[in-house]
Amino acid sequence: MISMVKTWIEFLRNEEGASAVEYGLIIGLIAVALIIILTTLGTDLGGLFTKVSGEVTKAAGTGGT
């Protein structure tokens, strides 16, 4: 019975897998943040590139002045 208690105490004190789980959670949070940021910027960047393309086309059509 005492060896069983010692085994459980050692198991609960063992922190080898904790860092791997923490790194996994951090990577997951970074992935979620990137998805949110890129989705938001993706729609805004599309409008920005369309505007820049229109301005470049307009400038090229008027000789650049």
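(A) Focus on the overall build of the protein. Looking only at helices and strands, one finds two helices and zero strands in the protein. Burial status across the protein gives 0% buried among its 65 residues. When the accessible area of the protein is evaluated, it comes to approximately 6000 Å², of which 73% is carbon and sulfur surface.

(B) Main features of the pattern of salt bridges. In total, this model carries one salt bridge according to the counting rule given. With its nearest N and O atoms 3.6 Å apart, the salt bridge here joins glutamate 55 to lysine 58. Remark: lysine 58 and glutamate 55 occur in helix α2 (residues 16-61); sequence separation between them is three residues, near one turn of the helix.

About the thresholds
Residues numbered from 1 in each chain as written. Predicted model: local features only at pLDDT ≥ 70, side-chain atom pairs only at ≥ 80, totals over all residues. Heavy atoms only, no water. Helix = DSSP H or I, 4+ residues; strand = E, 2+ residues; numbered from the N terminus. Buried < 20%, exposed > 50% of the residue type's maximum accessible area, 1.4 Å probe, protein only. Areas by Shrake-Rupley, 256 points an atom, 1.4 Å probe, with all protein chains shown as cover. Salt bridge = Lys/Arg side-chain N within 4 Å of Asp/Glu carboxyl O.

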